Amino acid sequence: VEEDEEVAEGYELPHLNVVFIGHVDAGKSTLSGNILYLTGHVDKRTVEKYEQEAKDKNRESWFLAFIMDTNEEERAKGKTVEVGRAHFASETKRFTILDAPGHKGYVPNMIQGASQADVGILVISARRGEFETGFERGGQTREHAILAKTLGVQHLIVVINKMDDPTVQWDKERFDECCSKLKPFLKQCGFRPKFDVRFIPISGLTGANVMNEVDASECSWWRECYTATPPANFTTSPTLLQQLDALEVPRDKNGPLRIPVLDRFTDRGTIIMGKVESGTIRRGQKVRIMPINREVTASAVYCDEDPVNRCLPGENVRIKLNDVTPEEISKGFVICDLERPCSQVTTFRGQVALVDMLEHRPLFTPGYTCMFHAHCAEETVRCTRIASVKVRGEDKKQRFARQGNVVSCELQLERSVCLETYEDMEQLGRFTLRDEGQTIGIGKLMRIMN
């Protein structure tokens, strides 16, 4: 940004990151594409072009997904690989859509999408057979919901998609069946269904209940559900977009500055990308990069690619840094203010809920090594000591733990990672343990020990 160029102060409307998660083929890309089309962020001509392209590939119902899945590989297979990004706004809020991949092999990509999200939209297919597959052991619905909670998604909107399918035809019993199976499971993931979860039946392809309410002739029971007191399925909004507008996410703009680095590149200087988790970043501000403890200047701040003077918590930012090269910065580093830098952690006490141990490694013991994911950081971690294991509600002193237990243990990272205790800052105090490509545990950082 040239010095004399006019720069906007910053956006006034609050901003939310919305991540679409769920099993392969539940309809995530189609739904996110349709939201952009309905809110007028994609014009009719483009959609007609995609309709033709999808027809040529004999995939007529995929045309809306092409808005999000932009590369050829994704379109040919109908699978999302990268986390697609797009922006839209309502009268009261600005949103960034993160369309995460549902396929098992791309969970690390999905983790990066969800680590920036405030709101999760869990897309469930109501089509007979599809809901069940996504939910069995090895289905992505389970793993995604668990990851969404650990990665800091505060509100979860569960959309039961494909309600217009010939096997469903807006059947209330099918909707209730999906909801009643999901509630106990989401509770187990750490969501409080009454406060954090909303259920909405939709059709991502026809757009029913996305922006406009479904026609009463198709579905006569939905109005009674959301107008009842207390509302059935915890929602008082008839459509998905009204529900998004109604959500409140608390932010701390005066807290210590924390921006975990998601990516970095060179563009006439070093630019880092990330999300402001707490505090406010201003153009020209001196900041500290942890854990390398380098003092640098933020010479320009971009929000949604527009230069601005300041960025508040919840915004996705790009920051141009002076006096540092991209090679010196890694993913998972954290940009902090000078006075209150982030802690560098190698050994810590954590509380871990073991959700899905590997079949051939069913016990969690001292010496267990796996991958540690927190905000944007990844590192190898080893369990050094188990302090206690909670079994059916009571703490026991034992030297191992199995699936379903909650363990209080000491963990050691191979290299130091920027973290905070869960009590001080939730966003930097949550982590996930993964082994051989599956999520085995989710945890909170209780105490820093080094």
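Relevant structure appears above.
Definitions and cut-offs
- Each residue is numbered by its place in its chain's sequence as written, counting from 1.
- Owing to the predicted nature of the model, reporting of local features is limited to residues with pLDDT of at least 70; listing and counting of side-chain atom pairs is limited to 80 or more, with chain, interface and lining totals taken over all residues.
- Each side-chain value is worked out from all heavy atoms of the structure, with water and hydrogens disregarded.
- Put simply, DSSP marks the helices as runs of H or I at least four residues long and the strands as runs of E at least two long, and each gets a number from the N terminus on.
- Burial status follows relative accessibility: with a 1.4 Å probe on protein chains alone, a residue under 20% of its type maximum counts as buried, one over 50% as exposed, and anything between as partly exposed.
- Working rule for contacts: check all heavy atoms of both residues, and any pair within 4.5 Å makes them a contact.
- The protein chains shown are the only cover counted for residues, whose accessible areas, like all others here, come from Shrake-Rupley with a 1.4 Å probe.
- Under this definition, polar contacts are N or O atom pairs within 3.5 Å; protein pairs additionally need one hydrogen-donor-capable and one acceptor-capable atom, and for neighbouring residues in sequence, both atoms have to be side-chain atoms.
- The term salt bridge refers to a pairing of a side-chain nitrogen on Lys or Arg with a carboxyl oxygen on Asp or Glu at a separation within 4 Å.
- Every helix has an expected span of 1.5 Å times one less than the residues it contains.
- What the arc covers is the set of directions going from the helix axis to the C-beta atoms.
- Only when DSSP finds a minimum of two bridges between them are two strands counted as paired.
- When two rings of Phe, Tyr or Trp (its six-membered ring) have centres within 6.5 Å they constitute a pair, described as stacked for plane angles under 30 degrees, edge-to-face for angles over 60, and tilted for the intermediate range.
- The definition of a nonpolar core used throughout is a set of buried Ala, Val, Leu, Ile, Met, Phe, Trp, Tyr and Cys residues joined through side-chain atoms within 4.5 Å.
- Any two cysteine sulfur atoms within 2.5 Å of one another count as a disulfide.

Asks: Please clarify how the overall build of the protein chain should be interpreted in this entry.
Replies: Scanning the protein chain from terminus to terminus reveals 11 helices and 22 strands. For the protein chain, buried positions account for 54% of its 450 residues. The long-range share in the protein chain, meaning contacts at least 24 apart out of those at least 6 apart in sequence, stands at 72%. Split by element, the accessible area of the protein chain, about 19,800 Å² in all, is 46% carbon and sulfur.

Asks: Would you mind showing me how to read the side chain of Thr280 here?
Replies: By secondary structure assignment, the location of Thr280 is in the loop between strand E8 (270–275) and strand E9 (281–282). At 2.9 Å, the side chain of Thr280 and the backbone oxygen of Lys253 are in polar contact. Apart from the residues lying within four places of it in its own chain, the contact partners of Thr280 are Lys253, Leu257, Gln285, Arg310, Cys311 and Leu312.

Asks: Is there a simple way to explain the pattern of salt bridges in this structure?
Replies: Opposite charge on two side chains allows them to pair when their charged atoms are near. A full pass over the atoms with the stated rule returns 21 salt bridges. For Glu213, the salt bridge identified is with Arg223, shortest N-O distance 3.5 Å. Of this pair, Glu213 sits in the loop between strand E6 (197–201) and helix H10 (222–227) while Arg223 sits in helix H10; the two residues are 10 residues apart in sequence, bridging distant segments of the chain. A salt bridge links Asp337 to Arg340; the shortest N-O distance between them is 3.3 Å.

Asks: Would you mind showing me how to read helix H2 (residues 44–56) here?
Replies: Side chains three or four residues apart in an α-helix point the same way, a direct result of the helix having 3.6 residues per turn. The end-to-end C-alpha distance of H2 is 19 Å, a good match for the 18 Å that 13 residues give at a rise of 1.5 Å each. Where H2 is concerned, the buried positions are Val47, Tyr50 and Ala54. Buried residues along H2 cover an arc of 60° about the axis, so they all sit on one side. In H2, the exposed positions angled more than 90 degrees off the buried face are occupied by Arg45 and Asp56. The first or second residue beyond H2 is Asn58, which carries a positive phi of 55°.

Asks: Quick question: what am I supposed to make of the pairing of E8 here?
Replies: The side chains of a regular strand alternate between the sheet's two faces. Most of E8 is tucked away: 6 of the 6 residues are buried. What you see with E8 is no split at all: Thr270, Ile272 and Gly274 on one side and Ile271, Met273 and Lys275 on the other are buried throughout. In this sheet, E8 lies alongside strand E7 (residues 258–266) in antiparallel orientation, the contact comprising 5 bridges. Its bridge partner lying in E8, Phe265 is registered against Ile271. Where E7 folds back onto E8 in an antiparallel hairpin, the turn is made up of 3 residues, including Arg268, whose phi is positive at roughly 50°. Pairing geometry for E8 and strand E14 (residues 316–321), over 6 bridges, is antiparallel. Its bridge partner being in E14, Thr270 is matched across the sheet by Leu321.

Asks: Mind showing me how you'd approach the packing of aromatic side chains here?
Replies: In this description, an aromatic ring pair is defined by two values, namely the gap between the centres and the angle between the planes. The tally for this structure, following the rule as stated, stands at 9 aromatic pairs. Ring-pair connections join several aromatic residues into one group, and the members of that group are Phe175, Trp221, Trp222 and Tyr226.

Asks: Whenever I open this one, the nonpolar core confuses me. Can you help?
Replies: If you look at soluble globular proteins, the nonpolar side chains tend to sit buried side by side. Counting 69 residues, the largest nonpolar core has Val158, Leu186 and Leu244 as its most contacted members. Of all the elements, helix H8 (residues 172–188) adds the most residues to this core, at 6 residues. In this structure, Phe372, Val389, Val417 and Leu419 belong to the second largest nonpolar core, which totals 28 residues.

Asks: Even after reading the chapter, I still don't get the state of the cysteines, so can you show me in this structure?
Replies: One way to say it: the disulfide is the covalent bond shared by the sulfur atoms of two cysteines. Enumeration over the complete set of coordinates arrives at 0 disulfides. Between Cys336, a cysteine without a disulfide, and Cys342, which holds the nearest cysteine sulfur, the sulfur-to-sulfur distance is 4.9 Å. Exposure remark for Cys336: the relative accessible area of 0% places this residue in the buried category. Summary of cysteine pairing: Cys418 is not part of a disulfide, and the nearest cysteine sulfur, belonging to Cys342, is at 4.6 Å.

Asks: Please explain the environment of Thr239 as it appears in this structure.
Replies: Within the secondary structure, Thr239 sits in the loop between H10 and helix H11 (240–246). Of the residues examined, Thr239 reaches a relative accessible area of 1% and is grouped as buried. Once the C-alpha coordinates of Thr239 and Asn212 are considered, the two residues, 27 residues apart in sequence, prove to be 6.4 Å apart. Not counting chain neighbours up to four residues away, the residues in contact with Thr239 comprise Ile200, Asn209, Val210, Met211, Asn212 and Glu213.

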